[in-house]
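Each chain, letter by letter, is given below.
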4 protein chains.
Amino acid sequence: MPCTIEIYEKPQLNNPVLIEGLPGIGFVANIAALHLINELKAKRFAEIVSSSFQDFAATTETGGARSPISELYYCKSKDDNRDLIIWYGNTQALTTFGQYELVGKVLDIAQEFGCRFMISIGGYKKDEVTPIPAIYSAATDQKTIKEALDLGTKVMVGHIFGIAGLLIGLGRLRNLNGFAVLVDTLGMYPDVKAARYALAIISKYLGLNVDLSRLDVTADRIKIELEAFGLIKDVAEEKKREKQQMRWFI
Amino acid sequence: MPCTIEIYEKPQLNNPVLIEGLPGIGFVANIAALHLINELKAKRFAEIVSSSFQDFAATTETGGARSPISELYYCKSKDDNRDLIIWYGNTQALTTFGQYELVGKVLDIAQEFGCRFMISIGGYKKDEVTPIPAIYSAATDQKTIKEALDLGTKVMVGHIFGIAGLLIGLGRLRNLNGFAVLVDTLGMYPDVKAARYALAIISKYLGLNVDLSRLDVTADRIKIELEAFGLIKDVAEEKKREKQQMRWFI
Amino acid sequence: MPCTIEIYEKPQLNNPVLIEGLPGIGFVANIAALHLINELKAKRFAEIVSSSFQDFAATTETGGARSPISELYYCKSKDDNRDLIIWYGNTQALTTFGQYELVGKVLDIAQEFGCRFMISIGGYKKDEVTPIPAIYSAATDQKTIKEALDLGTKVMVGHIFGIAGLLIGLGRLRNLNGFAVLVDTLGMYPDVKAARYALAIISKYLGLNVDLSRLDVTADRIKIELEAFGLIKDVAEEKKREKQQMRWFI
Amino acid sequence: MPCTIEIYEKPQLNNPVLIEGLPGIGFVANIAALHLINELKAKRFAEIVSSSFQDFAATTETGGARSPISELYYCKSKDDNRDLIIWYGNTQALTTFGQYELVGKVLDIAQEFGCRFMISIGGYKKDEVTPIPAIYSAATDQKTIKEALDLGTKVMVGHIFGIAGLLIGLGRLRNLNGFAVLVDTLGMYPDVKAARYALAIISKYLGLNVDLSRLDVTADRIKIELEAFGLIKDVAEEKKREKQQMRWFI
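Residues numbered from 1 in each chain as written. Chains lettered and ligands numbered in written order. Predicted model: local features only at pLDDT ≥ 70, side-chain atom pairs only at ≥ 80, totals over all residues. Heavy atoms only, no water.

Asker: Tell me about the overall build of chain A, and please be specific about residues and values.
Answerer: Per the secondary structure count, chain A includes seven helices and twelve strands. For 250 residues, the compact-globule estimate of 2.2 N^0.38 gives 18 Å, and the C-alpha radius of gyration of chain A, at 17 Å, lies within 12% of that figure. Seen through its C-alpha atoms, chain A measures out along the principal axes to roughly 55 × 45 × 35 Å. For chain A, the residues scored as buried account for 63% of the 250 residues in total. Contacts in chain A between residues at least 24 apart in sequence constitute 78% of all its contacts with a sequence separation of at least 6. (Helix = DSSP H or I, 4+ residues; strand = E, 2+ residues; numbered from the N terminus. Rg over C-alpha atoms; globule rule 2.2 N^0.38 Å. Buried < 20%, exposed > 50% of the residue type's maximum accessible area, 1.4 Å probe, protein only. Contact = heavy atoms within 4.5 Å.)

Given below as structure tokens:
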């Protein structure tokens, strides 16, 4: 079972845009995606579990046990805008192999529901961030990068690591268009401010009207979720956790 | 051959409960599962070998050679209780990929025999343990966690590493219910006392009448088995062993 | 999706020779292959993406996002020479597993188009290189090694690492013939001079008439490409980059 | 292509015994197997390449390029003895996953040709070896261990790492019988003396009449082969080689 997919519902979607929101630098994407899900009352229609996720269960304060997972939500537009597919989750895959596979499966599903355009979100780690953080973009094609730059972004220089980069790169090879939005962040997480700027860009692009007043509430929920999944810790602690995974061996 | 499964017998089981008992912290699950197998005269009906197990043979004192393996036993209830499927083995998988695959295969088999409920067992490593060790649980759903807490367990806080956590998390995604029982342990192995408490909780939940007087005998057998498989050693020694695996390379 | 292959066009090729030109030591192969593509106006007919490539997108100076990729080009001979299939790309695979798979897929495609002969190119890292660098070869069979030695190469002693070696070795097992050309290089990259010598050998062998006057232009383009993909850095920096890949984890 | 198998010929074999002889500690198995192949004029009938082998080509002194490979030879008995399948190669797999897969494939083939019994050979690394080295065995079953002990072997205590152990363990799970022969060795390679003792045991068991006078010649050939494949070096040098594999990245 490299990747197990369960699709609950097969919604009819109108030219949907895939928005990626997995945990990453500053958790910018994660906050933005969850906020869209909450505010737009997006509905979960698919779950994906990969054997490249971590092998543990996280617990909730009420005794629940939850696995690392990716989820897809859809949201039908109330106006004449395009529908959305929002990709939310509590982890990325542990290996590059797993990352490719995960992106491949999500693109398979998105394309099945008619998706031809994707937006990935990320934080761009900086040692210092100006009060108004810089926002960067990279795109699959010249028309899209022009649109992204017109939104006030700058050209991204360097690598876009992880799912945010992989999605755009692999989508391009499937002839999808799209762009990545990367917001300067100290990597302090969850970086609500960076998420706010990412959401502003995306809303402007898609003509969405998203209330940002409850963004702090979303960020607090993300924080609880991320702490449960052990994602809010530095790399050193991450190493320590890996050793703990060895604990069954002791 | 990522996972090779051999099913010897296809027993008719009555709403069976899957009990997980692989080696882990304090070997609590391993002792408990073997004791159930011995006392309930459970019958082996399936063997699973994974290419994510270690690549060696362990030897017995009489010159036997045995591989790392997972085994499934069944036990039909003498009363009107539910039947059991007991998952026993001498290793977990070496990679997260292997862990997911192993759990997936075992759930496949268990579901094939009608299983809808699972109990995983583990040790919860503590630096100090009170004379009566604390017992924790986490469950797939609210009804089950309530039942588990009513047995005298506390809500588990933190991660449940390895198979014990993965089984509950992945089972939940397949709409199975169940809970994990985690008993405080110093990680001194085999921790007979912790296994005793785990068995008490499980017996109470399932209405089993299991004689615990020979638990020390079980623990001694586990110890011999684990020593043969090199599981009773600390992480530093584990590393040394890995180097030895390189020995064919000299 | 271990390997995703897209074949755009199915050219009719005349007994084509596969020329391998992936990034490697001194980027000798990479420069030589790109130069052949440019000068012979070779046409891209297939793309291969492997989940064993790195999981990021590289950006271009105009905001484009590109994935690690392998590409196959063909070039029909204007004379009565054999046609060419040129294997170009911006990465090798990260794992030996991925390397085998990548070579396997490329050989599958090449054989589908009638290829029975292959040439791989590489740099042979030396601490010092004479003004006229030594050129080495190793071949699948006695006839071919004789031909390669007649071109002025010496017998290669030692291992041929990575794709350059794997292609010849695995091709031989498929009963293809061919040889590897390895040119002494300090590993300073891109090593235009070494690429020039490799191209001279290959052109002589295949009767190609390739203008080398613009080789520096090719090398500059390779350099930009390689910098974008982070390949021009030493191993220490490579390690640093790996840590950065962990950045989504913070 | 996790494992590519080519079977050249489908010999009719009489109850054949599989003899494993891959490179390992002291190269005891490797020398013994090659000597049997030479002396008994065994014929190669199958080749196996695994993507878990190393990704390079080794060169020969005449400019040949060869891949890491496993080969199966058969030898029909001139007397009324059982036929042999001899498993020879120049490497083991790099990962436990690859080791399982390789053993699985070889057992598949051996069973296809009627094999029900297997003998694996290994060195048992000691810091000191007596003039007449001790020989150990472990077996799949009580009858076979008794036979092995009757040959003058002692009960093996501890793990049998790598293919030698895995073959016996996994064969047992397929209901094959067999035993491992492990000879004390300093790990100085190739250890001709240890190979001699291993061959003596095997010849005695199988009633073979094998001339050992040219064993030194065999060992010299193994040495050349192993040096070409970089197997004769210590672990520290092995690490250095791994770094070299990274050289294409420089």
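Asker: Describe the pattern of salt bridges, naming the residues involved and giving the relevant values.
Answerer: Counted by the stated rule, this structure contains 48 salt bridges over all chains. Among the salt bridges present, the one from Arg66(B) reaches Glu225(B), with a minimum N-O distance of 3.0 Å. Within this pair, whereas Arg66(B) is found in strand S5 (residues 65–66), its partner Glu225(B) is found in helix H6 (residues 215–228), the two being separated by 159 residues in sequence. With relative accessibility at 17%, the residue Glu225(B) sits in the buried group. Where Glu147(D) meets Lys143(D), a salt bridge forms, and the shortest distance between an N and an O atom there is 3.1 Å. In this pair, Glu147(D) and Lys143(D) both sit in helix H3 (residues 142–150), four residues apart, roughly one turn of the helix. The exposure class of Glu147(D) is partly exposed, given its relative accessible area of 26%. Taken together, the shared-partner salt bridges connect Glu39(A), Asp211(A) and Arg214(A) into one network. (Salt bridge = Lys/Arg side-chain N within 4 Å of Asp/Glu carboxyl O.)

Asker: Just give me the short version of the interface of chain A and chain C, but keep the residues and values in it.
Answerer: The interface is formed by 43 residues belonging to chain A together with 36 residues belonging to chain C. Approximately 3,200 Å² of surface area, both sides summed, lies buried where chain A meets chain C, with 63% of it carried by carbon and sulfur atoms. By the criterion of area lost to chain C, the three top residues of chain A are Tyr100(A), His159(A) and Phe161(A), representing 23% of everything that side buries. The tally of links from chain A across to chain C stands at zero salt bridges. Joining chain A to chain C, the criterion identifies eleven residue pairs in polar contact (both at pLDDT 80 or more). Elements with a minimum of two residues in the side of chain A that touches chain C: helix H2 (96–112), strand S9 (135–139), helix H3 (142–150), strand S11 (159–161), helix H4 (162–173) and helix H7 (235–245) of chain A. The dominant element in the side of chain A that touches chain C, judged by the number of residues it contributes, is H4(A), at eight residues. Considering only residue class, the side of chain A that touches chain C consists of 21 nonpolar, 16 polar and six charged. Where S11(A) and strand S4 (residues 56–59) of chain C come together, three bridges link them in antiparallel fashion. (Buried area = accessible area lost by both parts, 1.4 Å probe. Polar contact = N/O pair within 3.5 Å; in protein donor to acceptor, adjacent residues only side chain to side chain. Nonpolar A, V, L, I, M, F, W, Y, C, P; charged D, E, K, R; others polar. Pairing = 2+ DSSP bridges.)

Asker: So what about the pairing of strand S12 (residues 177–185) of chain D? Which residues, and what values?
Answerer: All names here are of chain D. Summarising burial for S12: eight of the nine residues are buried, a large majority. Here strand S9 (residues 135–139) runs beside S12; their pairing, made up of five bridges, is antiparallel. Paired with Tyr136 across the strands is Leu182, a residue of S12.

Asker: Lay out the pairing of strand S3 (residues 43–50) of chain B with the relevant residues and their values.
Answerer: All names here are of chain B. Of all eight residues making up S3, six are buried, and the element is well covered by its neighbours. As judged from the five bridges shared by S3 and strand S6 (residues 70–75), these two strands associate in the antiparallel manner. Paired with Ile48 across the two strands is Ser70, which belongs to S6.

Asker: Residue-level account of the relation of the copies chain A and chain C, with values.
Answerer: Laying chain A over chain C is done by rotating through 90° and shifting 0.0 Å along the axis; what remains is an RMSD of 0.0 Å. Here the symmetry operator amounts to a four-fold rotation axis. A share of only 5% of the interface residues of chain A reappears at the interface of chain C, consistent with the copies meeting through non-equivalent patches. (Least-squares fit on C-alpha atoms with pLDDT ≥ 70 in both.)

Asker: Let's hear about the interface of chain D and chain C: which residues, and what values?
Answerer: In this complex, chain D contributes 36 residues to the contact, which on the side of chain C involves 41 residues. A combined buried area of about 3,200 Å² lies between chain D and chain C, and 63% of that area is made up of carbon and sulfur atoms. Applying the counting rule to chain D against chain C returns eleven residue pairs in polar contact (both at pLDDT 80 or more). Looking at the side of chain D that touches chain C, the elements with two or more residues in it are strand S3 (43–50), strand S4 (56–59), strand S5 (65–66) and helix H7 (235–245) of chain D. In terms of residue count, the dominant contributor to the side of chain D that touches chain C is S4(D) (four residues). Of the residues in the side of chain D that touches chain C, the class split is 17 nonpolar, twelve polar and seven charged.

Asker: Break down the relation of the copies chain D and chain C for me, with residues and values.
Answerer: For the match of chain D to chain C, the screw axis carries a shift of 0.0 Å, the RMSD comes to 0.0 Å, and the turn is 90°. When the interface residues of chain D are mapped onto chain C, a mere 8% of them again lie at the interface, so each copy presents a different face.

Asker: So what's going on with the sheet that holds strand S11 (residues 159–161) of chain B? Residues and values would help.
Answerer: The three strands are arranged S5(A)-S4(A)-S11(B) in an open sheet whose pairing can be described as antiparallel. The strands lining the two open edges of the sheet, one partner per strand, are strand S5 (65–66) of chain A together with S11 of chain B. Sheet contacts for helix H4 (residues 162–173) of chain B: strand S4 (56–59) and S5 of chain A together with S11 of chain B; angle to S11(B), the most-contacted strand, approximately 110°. (Axes fitted to C-alpha atoms, helices over the stretch in contact; angles between N-to-C directions.)

Asker: Can you tell me about a nonpolar patch on the surface, naming the residues and giving the values?
Answerer: Residues and elements named next belong to chain A. A cluster of nonpolar side chains, contributed by Val129, Leu186 and Met188, occupies part of the molecular surface with about 260 Å² of accessible area. Checked against the element boundaries, Leu186 lands in the loop between strand S12 (177–185) and helix H5 (192–206). According to the relative accessible area criterion, Leu186 is partly exposed, its value standing at 38%. (Patch = residues over 30% accessible without salt bridge, like charges linked within 9 Å, V, L, I, M, F, W, Y side chains within 5 Å. Areas by Shrake-Rupley, 256 points an atom, 1.4 Å probe, with all protein chains shown as cover.)

Asker: A description of the packing of aromatic side chains should follow, citing residues and the corresponding values.
Answerer: Considering all chains together, one arrives at 28 aromatic pairs over all chains under this definition. With a centroid separation of 6.0 Å and an interplanar angle of 90°, the aromatic rings of Phe161(C) and Phe56(D) are classed as edge-to-face. Taken as a pair, Phe161(C) in strand S11 (residues 159–161) and Phe56(D) in strand S4 lie in two separate chains rather than in one. Relative accessible area serves as the criterion here: at 0%, Phe56(D) is assigned to the buried category. Members of the aromatic cluster, joined through ring pairs, are Phe45(A), Tyr74(A) and Phe113(A). (Phe/Tyr/Trp six-rings, centres within 6.5 Å; stacked < 30°, edge-to-face > 60°.)

Asker: How would you explain H5(A) if you had to name every residue and give the values?
Answerer: Residue and element names in this part refer to chain A. Between its terminal C-alpha atoms H5 stretches 21 Å, which fits the 21 Å expected from 15 residues at 1.5 Å a residue. Among the residues of H5, those classed as buried are Val192, Ala194, Ala195, Ala198, Leu199, Ile201, Ile202, Ser203 and Leu206. Positive phi shows up at Gly207, right after H5, with a value of about 70°. (Expected span 1.5 Å × (residues − 1).)

Asker: Requested: an account of the environment of Pro23(C), with residues and values cited.
Answerer: Within the secondary structure, Pro23(C) sits in the loop between strand S2 (17–21) and helix H1 (28–39). Separated by 198 residues in the primary sequence, Pro23(C) and Arg221(C) have C-alpha atoms spaced 13 Å apart.

Asker: I'd like a description of the packing of helix H2 (residues 96–112) of chain C against helix H4 (residues 162–173) of chain C, backed by residues and values.
Answerer: In a packed pair of helices, the relevant descriptors are the angle between the two axes and the axis-to-axis distance. All names here are of chain C. Interaxial distance between H2 and H4 falls to 10 Å at its minimum, and their mutual angle equals 55°. Accordingly, the angle class assigned to the pair H2 and H4 is oblique. Note on packing geometry: the crossing formed by H2 with H4 is right-handed. Counting all contacts with H2, which are made through Gln99, Tyr100, Leu102, Val103 and Leu107, the residues of H4 involved are Gly162, Ile163, Leu166, Leu167, Leu170 and Gly171. In the contact of H2 with H4, the residues fall into eight nonpolar, three polar and no charged. (Parallel < 35°, antiparallel > 145°, perpendicular 65-115°, else oblique. Left-handed = near helix turned anticlockwise from the far one by under 90°.)

Asker: How would you sum up H3(D)? Please name residues and give values.
Answerer: Residues and elements named next belong to chain D. Among the residues of H3, those classed as buried are Thr144, Ile145 and Ala148. Each buried residue of H3 sits inside an arc of 100° when the element is viewed along its axis, so together they form one side. Pointing more than 90 degrees away from the buried face of H3 are the exposed residues Gln142, Lys143, Lys146 and Asp150. Check the buried side of H3 and you find it contacts strand S8 (117–125), S9 and S12. Gly152 lies just past H3 and shows a positive phi near 105°. (Arc of directions from axis to C-beta.)

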